[in-house]
Amino acid sequence: MANTTAICTSFKSEILQAYHNFGTTVTRGGTTADTLKAALYLTTGSVGAGTTAYSATNEVSGTNYSAGGVTVTNATAPTTSGTTAYWTPSAAIVYTTVTLSTAFDTVLLYNSSQSNRAILTYNFGATTVTAGTLTLNMPTNDSTHALIQLN
Amino acid sequence: MSNRVLTTHGLIELSQLDVSDHVEIGDGYRKVIVQYRLDDEIVRQSVFVDLLRPNGADAVPGTLNGR
């Protein structure tokens with residue numbers, strides 16, 4: 001076996017677990033998992049790769065929806081397979097008995113423990129809900145289907 | 001046995017409602033929309049979205065591609 005050039009697979013997983021801090025200021029004070037949240041955005045919004053943090057601008061509003069969205073269930077730590085690190089919320093994201101009459105199409109996952117820093121956005125097409133439930137079912141948590149993959 | 005559904009008009013017997021569903025498939029998702037109608041008015045609509053595509057497949061991994 002020869003030496004090779006690579007980003008170490010363990011590093012990819014450890015990024016997701018905050019083992020590494022390349023910045024000049026240590027910003028983490030605890031060792032428990034962060035609280036992640038999921039907020040919904042109107043079709044007129046512009047969240048995406050350029051989003052850096054949660055904002056209430058263009059967030060949906062309606063009956064039984066609280067600004068900032070709902071907490072994401074995170075019971076499964078990031079892991080690796082082959083050279084891919086991956087992670088998926090461990091349960092569906094559910095907004096129960098909401099009325100969201102203005103069309104929305106995107107969910108923002110963000111870290112409410114770390115100044116609401118953005119993690120990912122996911123567009124699922126224009127949607128409205130009337131006195132019902134919005135359920136975002138997660139993909140299988142493996143190296144080819146997980147919600148977040150670092151290849 | 002009473003089987004009532006929460007709607008915009010309160011709890012209504014399921015037998016009084018017309019229930020339909022349809023599937024919408026888009027880029028990276030599959031969405032099932034279930035509608036309950038009372039006299040053609042939508043009084044309840046629930047949506048179930050399956051997220052199908054790994055997020056960031058073109059973005060985040062591009063900076064961590066083993067090089």
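Up top is the structure.
Residues numbered from 1 in each chain as written. Chains lettered and ligands numbered in written order. Predicted model: local features only at pLDDT ≥ 70, side-chain atom pairs only at ≥ 80, totals over all residues. Heavy atoms only, no water.

1. Describing the side chain of A:Thr130
Structurally, A:Thr130 can be placed in strand S6 (residues 117-137). The exposure class of A:Thr130 is buried, given its relative accessible area of 17%. (Helix = DSSP H or I, 4+ residues; strand = E, 2+ residues; numbered from the N terminus. Buried < 20%, exposed > 50% of the residue type's maximum accessible area, 1.4 Å probe, protein only.)

2. A look at the interface of chain B and chain A
Residue-level contacts link 27 residues of chain B with 35 residues of chain A. Note on chain B versus chain A: buried area summed over both sides is about 2,500 Å², and carbon and sulfur give 55% of it. Applying the counting criterion to the chain B and chain A interface returns zero salt bridges. Counting across the chain B and chain A interface gives 16 residue pairs in polar contact (both at pLDDT 80 or more). If you list the elements that add at least two residues to the side of chain B that touches chain A, you get strand S1 (4-7), strand S4 (29-38) and strand S5 (41-51) of chain B. (Contact = heavy atoms within 4.5 Å. Buried area = accessible area lost by both parts, 1.4 Å probe. Salt bridge = Lys/Arg side-chain N within 4 Å of Asp/Glu carboxyl O. Polar contact = N/O pair within 3.5 Å; in protein donor to acceptor, adjacent residues only side chain to side chain.)

3. Considerations on the side chain of A:Thr9
Residues and elements named next belong to chain A. Along the chain, Thr9 falls in helix H1 (residues 9-16). On the basis of relative accessible area, Thr9 is assigned to the buried category, the value being 18%. Discounting chain neighbours no more than four positions away, the residues touching Thr9 are Thr80, Gly82, Thr83 and Thr84.

4. Let's talk about the environment of A:Ala92
Residue placement: A:Ala92 occurs in the loop between strand S4 (84-87) and strand S5 (93-111). Residues contacting A:Ala92, with those up to four places away along its chain left out, are A:Thr135, A:Leu136, A:Asn137 and A:Met138.

5. Topic: a negative patch on the surface
Residue and element names in this part refer to chain B. Residues Asp18, Asp39, Asp40 and Glu41 make up a contiguous surface patch of negative charge. Locating Asp18 in the fold gives a position in strand S3 (residues 18-26). By relative accessible area, Asp18 is classed as exposed at 53%. (Patch = residues over 30% accessible without salt bridge, like charges linked within 9 Å, V, L, I, M, F, W, Y side chains within 5 Å. Areas by Shrake-Rupley, 256 points an atom, 1.4 Å probe, with all protein chains shown as cover. Lys, Arg positive; Asp, Glu negative; His and termini not counted. Charge placed at Lys NZ, Arg CZ, Asp CG, Glu CD.)

6. As for the nonpolar core
Counting 34 residues, the largest nonpolar core has A:Leu40, A:Tyr95, A:Phe104, A:Val107, A:Leu109, A:Leu134 and A:Leu136 as its most contacted members. Breaking this core down by element, the ones donating at least two residues are strand S1 (36-42), S5 and S6 of chain A together with S4 and S5 of chain B. Considering every element that reaches this core, the biggest residue donor is S5(A), with nine residues. Discounting chain neighbours no more than four positions away, the residues touching A:Val107 are A:Ala38, A:Ala39, A:Leu40, A:Tyr95, A:Leu120, A:Thr121, A:Tyr122, A:Phe124 and A:Leu136. (Core = buried A, V, L, I, M, F, W, Y, C linked by side-chain atoms within 4.5 Å.)

7. Structural notes on the packing of aromatic side chains
In total, this model carries three aromatic pairs over all chains according to the counting rule given. Ring centres of A:Phe104 and A:Phe124 lie 6.1 Å apart, and the angle between their planes is 75°; this geometry places the pair in the edge-to-face category. With A:Phe104 in strand S5 and A:Phe124 in strand S6, this pair connects stretches of sequence that are 20 residues apart. Judged by its relative accessible area of 0%, A:Phe104 falls in the buried class. Accessibility expressed as a relative area gives 0% for A:Phe124, which makes it buried. The ring of B:Tyr36 carries the charged tip of B:Arg44 above its face, separated from the ring centre by 5.8 Å. (Phe/Tyr/Trp six-rings, centres within 6.5 Å; stacked < 30°, edge-to-face > 60°. Lys NZ or Arg CZ within 6 Å of the ring centre and 35° of its normal.)

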